[in-house]
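The lines below spell out each chain.
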Amino acid sequence: MHVEQPGRTTLLATLVLVALAACWGSTFFLIKDLLDRVPTLDFLAVRFAIASLALLVVAPRAIGRLSPVVRRHAVVLGLLYGLAQILQTTGLAHTPASVSGFVTGLYVVCTPLLAAAILRTRIPPITWVAVALATVGLGVLALRGLSVGYGELITLASAVLYALHIVGLGAWSTARDAVGMTILQVIVIAIVCTMATAYDGIVLPTRTGDWVSLAYMAVIVGAAGLLGQTWAQAHLPPTRTAIIMSMEPVFASVFAVWLGGEDLTQRLLLGGSMVLVAMVIVELAPRRVVEGEVPHIAV
């Protein structure tokens, strides 16, 4: 069961998730560029294979220390995350990046709904206010018209899977098992992505710059990022996690302005501010006011 953590631990968990959102935001234009030369599934298979190897080198015995129940949980979480990655990245090839960012960000809405349904968590009004504010902020930030087609539908499916992953981590993760759970999740993700593309061979990047981008997305964003999320969710409930991680599109826009030469618009300032305020609301409100205690469940 989630219990009140010391202030420093909770703050550190929050900062880890903010850093993760920043890393995710930094990859948006890298992925969009790389997919022009490497097929979606091939990119994901290579990315998570590298992440798996990096984690196994660092902690080769971590999986062996997991109990059978925790291993089963990690496999389920890896399947959810792997399928979500495939759907999101495929959707990005069929829908504008801004729309993809918004639809993916709808996991901030799906998470409390699923937490309430699966974990029987009571979501107080102040949390729904933060969720609504974050969702509107994402819309202001990203949308310039929304038509629902194939790309948007599969991206929405990925958002639901991401939400399930967040809820599952909130219920099952512990700080003690974080490393082993992360490694097993990443291995499962690599297997899922490889099986989805191995039938016609795997296309590897040919440019040095592409390999550098791939290594960054594999080791820093993939391996270290998922490790950070797994550890942080041992200390933070799912809905709070989702609202914090909804900062991803804000960081994506910041990187687009900083590195991509895009203009700093009123939409960016207004939408980003709304998401930031939503995060501040859940951080400043008392823990039990934001979300009821979420039990760790065994299956």
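Right above here is the structure, for reference.
Every value quoted in this text rests on a predicted model; they were computed, and no experiment measured them. (Residues numbered from 1 in each chain as written. Predicted model: local features only at pLDDT ≥ 70, side-chain atom pairs only at ≥ 80, totals over all residues. Heavy atoms only, no water.)

(A) Main features of the overall build of the chain. Helix and strand counts for the chain stand at 13 helices and zero strands. Residues counted as buried form 55% of the 299 residues belonging to the chain. Sequence separation of 24 or more characterises 92% of the internal contacts of the chain that already satisfy a separation of 6 or more. Here the chain displays about 12900 Å² of accessible surface, and carbon together with sulfur accounts for 70% of that area. (Helix = DSSP H or I, 4+ residues; strand = E, 2+ residues; numbered from the N terminus. Buried < 20%, exposed > 50% of the residue type's maximum accessible area, 1.4 Å probe, protein only. Contact = heavy atoms within 4.5 Å. Areas by Shrake-Rupley, 256 points an atom, 1.4 Å probe, with all protein chains shown as cover.)

(B) Main features of the nonpolar core. The biggest cluster of nonpolar side chains holds 85 residues, and the ones touching the most others in it are Phe43 and Tyr107. Counting residues per element, this core draws most heavily on helix α1 (residues 7-34), which supplies ten residues. Not counting residues within four places of it along the chain, the set of residues in contact with Phe43 comprises Ile31, Leu34, Leu35, Val38, Thr89, Leu214 and Met217. (Core = buried A, V, L, I, M, F, W, Y, C linked by side-chain atoms within 4.5 Å.)

(C) Layout of α1. The end-to-end C-alpha distance of α1 is 41 Å, a good match for the 40 Å that 28 residues give at a rise of 1.5 Å each. Phe28 marks where α1 bends most, by close to 35 degrees. (Expected span 1.5 Å × (residues − 1). Bend = angle between axes of the 7 residues up to and from the residue.)

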